[in-house]
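Chain and residue survey
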Amino acid sequence: MDCLFCKIASDEIPATIVAKNDLAVAFDDINPQAPTHVLIIPTTHHDNVAELSAADPLALQALFSLAAEIAAERGLNGYRTVFNTGAEAGQSVFHAHLHLLGGRALQWPPG
Ligand code: 5GP
Ligand code: ZN
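Presented here is an overview of the structure given in this document. For clarity, every value in this text was computed on a predicted model and none was experimentally measured. (Residues numbered from 1 in each chain as written. Chains lettered and ligands numbered in written order. Predicted model: local features only at pLDDT ≥ 70, side-chain atom pairs only at ≥ 80, totals over all residues. Heavy atoms only, no water.)

The next thing to look at is the site of ligand 1. Neighbouring ligand 1 are 16 residues; D29, N84, G90, S92 and H99 lie closest to it. I30 places a polar main-chain atom, nitrogen or oxygen, 3.3 Å from a nitrogen atom of ligand 1. Compared with its free state, where it exposes 520 Å², ligand 1 has 82% of that area covered by protein. Broken down by secondary-structure element, the contributors of at least two residues to the shell around ligand 1 are α1 (4-9) and β2 (24-28). Considered class by class, the residues forming the shell around ligand 1 number seven nonpolar, seven polar and two charged. (Near = heavy atom within 4 Å. Polar contact = N/O pair within 3.5 Å; in protein donor to acceptor, adjacent residues only side chain to side chain. Areas by Shrake-Rupley, 256 points an atom, 1.4 Å probe, with all protein chains shown as cover. Helix = DSSP H or I, 4+ residues; strand = E, 2+ residues; numbered from the N terminus. Nonpolar A, V, L, I, M, F, W, Y, C, P; charged D, E, K, R; others polar.)

Written out as structure tokens, the structure reads:
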């Protein structure tokens, strides 16, 4: 399968890796929307979070664990974790990924 994030998870395509655990990899977003904008992905391929949640709930949990670790390490006062699911919600890469955003005041609701 030709998947950008599978290639990042397997080191075929470079990325700035921030953290890893057995089930997940975290790396800087190439087009950051905040001082911290990290993408956290499962190492196995699932098109979106609904599929990930059904197939591998432990991997889904691992994404949130890594997000909390990174936020704590960086001393973020607050942060946002987001899954865009489907093109209408802005999903552009169809390998499930958790956005971790922080380091500035964030508006609500998002656009
Ligand atoms: P989505 O729009 O699917 O929720 O998020 C995809 C994210 O992947 C975007 O924020 C985009 O900037 C990021 N992205 C796209 N291509 C690359 C890449 O090659 N490397 C990295 N590090 N991030 C990417
Ligand atoms: Zn993939």
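Additional details are given in the paragraphs that follow.
Using the criterion set out here, one finds two aromatic pairs in the structure. Relative to F27, the ring of F5 has its centre 5.4 Å away and its plane inclined at 75°; by these criteria the two rings are edge-to-face. In this pair, F5 is assigned in helix α1 and F27 in strand β2, connecting sequence segments 22 residues apart. For the pair F5 and F27, one class covers both residues: buried. Aromatic side chains F64 and F83 sit 6.0 Å apart centroid to centroid with 70° between the ring planes, which places their arrangement in the edge-to-face category. With F64 in helix α3 (residues 57-74) and F83 in the loop between β4 (79-82) and β5 (98-102), this pair connects stretches of sequence that are 19 residues apart. Relative accessible area serves as the criterion here: at 38%, F64 is assigned to the partly exposed category. (Phe/Tyr/Trp six-rings, centres within 6.5 Å; stacked < 30°, edge-to-face > 60°. Buried < 20%, exposed > 50% of the residue type's maximum accessible area, 1.4 Å probe, protein only.)

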